[in-house]
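# Descriptive analysis of the structure
Listed here are the chains, written in short residue letters.
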Amino acid sequence: LTYDGAVVRYADDLSGRIELTVSASAATGYFNSPQAAATRKDTVAVADTGNDRVALVGAETQYLQYAFSRPVAAGMDDRGNIYVAHKTNHIEIFSRAGAHLDTIRCDGQRIRDLKIDSLDDVVLRTDDGIYKLNGHALETLYTGRTQAVACQPDGSGLYVLQDGRVSRLADGALTETFAVAEGASDLAVDLQKTVYAVAGNTLYRYA
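Residues numbered from 1 in each chain as written. Predicted model: local features only at pLDDT ≥ 70, side-chain atom pairs only at ≥ 80, totals over all residues. Heavy atoms only, no water.

Within the element layout of this structure, Gly-5 appears in the segment before β1 (7-10). The spatial distance from the C-alpha of Gly-5 to the C-alpha of Tyr-30 is 8.3 Å, given a sequence separation of 25 residues. Contact partners of Gly-5, with chain neighbours within four places excluded, come to Phe-31 and Pro-34. (Helix = DSSP H or I, 4+ residues; strand = E, 2+ residues; numbered from the N terminus. Contact = heavy atoms within 4.5 Å.)

The next thing to look at is the nonpolar core. With 15 residues, the main nonpolar core has Tyr-83, Ile-91, Leu-114, Val-122 and Leu-124 as its most contacted residues. For this core, the elements supplying multiple residues, two or more each, are β8 (82-86), β9 (90-94), β11 (111-116) and β12 (122-126). Discounting residues that sit within four places of it in the chain, Leu-124 has contacts with Ile-91, Cys-106, Ile-111, Asp-113, Leu-114, Gly-129, Ile-130, Tyr-131 and Leu-138. Of all hydrophobic cores here, the second largest spans 14 residues; its members include Val-166, Val-180, Val-189 and Val-195. (Core = buried A, V, L, I, M, F, W, Y, C linked by side-chain atoms within 4.5 Å. Buried < 20%, exposed > 50% of the residue type's maximum accessible area, 1.4 Å probe, protein only.)

Here we come to the sheet that holds strand β4 (residues 43-48). Strands sit in the order β3-β4-β5-β6 across an open sheet of four strands; the sheet is antiparallel. The outermost strands of the open sheet, each flanked by one partner alone, are β3 (36-40) and β6 (61-63). The average undirected angle you get between the axes of adjacent strands in this sheet is 20°. Relative to β4, β3 runs antiparallel, the two sharing five bridges. If you follow Ala-37 over to β4, its bridge partner there is Val-46. (Pairing = 2+ DSSP bridges. Axes fitted to C-alpha atoms, helices over the stretch in contact; angles between N-to-C directions.)

So far we have only geometry, and geometry alone does not tell us how the molecule works.
What follows is the structure, given as structure tokens:
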């Protein structure tokens, strides 16, 4: 995601990039302050925050038909179900076909991000900690303020960005800590435990 509202997809080796847009028509328009994007099942789910909508970008672009209020994160599980965090502490669940399945209210928590690993664990980052969704309840994984969380794709670990350092989160403790570029604001991790961190207008890759 870029500050000017673009969603960009990079090649695996970071050599090439494609800017994803949704529509040039007046009816739907471009992204407006998108806050998060997640890819799965050959689809990119974008929390298009400023437009109060969620775009699903694949072979075609479609939108979830729901009255969202400032969606901040969207993710897909292995069945294609789509999870959207909005209204500060609400999570809406949709089928891949777009049918609304459930609403989860995380009272007392301001959801900042939502990530889903290959085991379909739904991880939430809030103002005061990191939680795993267990039905309609939250299981505490870590207590403390963080800037980002990333799931290892195979479900074997979580990585946390906190005050310019990335750590692996296991059993409520942060280990394997290393420093990343100043101003880092988001991160991701791949199957080889390669960590990608965004700082300003630069994407960094760490072994």
